[in-house]
Amino acid sequence: MNIKKAILAVLMTAALAGCETQTESQQRATTGALVGGAGGALVGQAIGGNTKSTVIGAAGGALLGAVVGSATTPQRRGEQLCRYQDRYGRIYTAPCDDRYYNGDY
């Protein structure tokens, strides 16, 4: 049993060590996948009571957790790009101005 705990600790450390260079959205997706996978495994085990149910619950929970974690990342002001057209008709992208954030379009 101690070997399983040691392997689990090494895997968790490796998974979390990769979070250092990720963007906030990627970190939230990773955290959501870890939490969702753990929760899904618990629910799958409680409902089915066998390994197959646990694995299906973990996979479903991880997928749902990653999607929710990524989708709920707040947009920082200035990260959103808008399309503009200059007086010569050329279209370009640039950070959105206050009209975008105030809904004045």
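Residues numbered from 1 in each chain as written. Predicted model: local features only at pLDDT ≥ 70, side-chain atom pairs only at ≥ 80, totals over all residues. Heavy atoms only, no water.

### Considering the state of the cysteines
Now for step 1: Here the structure, examined in full by the defined rule, presents one disulfide.
Now for step 2: Between the sulfur atoms of C82 and its disulfide mate C96 the distance is 1.8 Å. The chirality of the disulfide connecting C82 with C96 is right-handed, given an S-S dihedral of about 95°. In this pair, C82 sits in strand 1 (residues 81–85) while C96 sits in the loop between strand 2 (91–95) and helix 4 (98–102), placing the two residues 14 residues apart along the sequence. The same class applies to C82 as to C96, namely buried. (Disulfide = S-S within 2.5 Å. Helix = DSSP H or I, 4+ residues; strand = E, 2+ residues; numbered from the N terminus. Buried < 20%, exposed > 50% of the residue type's maximum accessible area, 1.4 Å probe, protein only.)

### Here we look at the pattern of salt bridges
Now for step 1: Scanning all chains against the criterion turns up one salt bridge.
Now for step 2: Ionic pairing is found between R90 and D86, a salt bridge with its closest N-O pair at 2.8 Å.
Now for step 3: Owing to a relative accessible area of 52%, R90 belongs among the exposed residues under this scheme.
Now for step 4: Residue class for D86 comes out partly exposed when judged on its relative accessible area of 24%. (Salt bridge = Lys/Arg side-chain N within 4 Å of Asp/Glu carboxyl O.)

### Describing the packing of helix 2 (residues 24–48) against helix 3 (residues 51–71)
Now for step 1: Running from N to C, helix 2 and helix 3 point in directions that differ by 150°, and their axes come no closer than 5 Å. Between helix 2 and helix 3, the angle is such that the two are roughly antiparallel. At the point where helix 2 passes helix 3, the crossing takes the right-handed sense. Residue-level inspection shows S25, R28, A29, G32, A33, G36, G37, G40, A41, G44, Q45 and G48 of helix 2 in contact with helix 3, the latter providing S53, T54, G57, A58, G61, A62, G65, A66, G69 and S70.
Now for step 2: Residues belonging to the contact of helix 2 with helix 3 are distributed by class as follows: six nonpolar, 15 polar and one charged. (Axes fitted to C-alpha atoms, helices over the stretch in contact; angles between N-to-C directions. Parallel < 35°, antiparallel > 145°, perpendicular 65-115°, else oblique. Left-handed = near helix turned anticlockwise from the far one by under 90°. Contact = heavy atoms within 4.5 Å. Nonpolar A, V, L, I, M, F, W, Y, C, P; charged D, E, K, R; others polar.)

### Thoughts on the pairing of strand 1
Now for step 1: Burial along strand 1 is one-sided: the residues C82 and Y84 are buried and none of L81, R83 and Q85 is.
Now for step 2: The pairing of strand 1 with strand 2 spans five bridges and is antiparallel. Looking across to strand 2, one finds that R83 is bridged to T93.
Now for step 3: Remark: five residues form the turn of the hairpin made by strand 1 and strand 2, two consecutive strands paired antiparallel; G89 in that turn has positive phi of roughly 90°. (Pairing = 2+ DSSP bridges.)

Bear in mind that shape data such as this cannot, by itself, settle questions of function.
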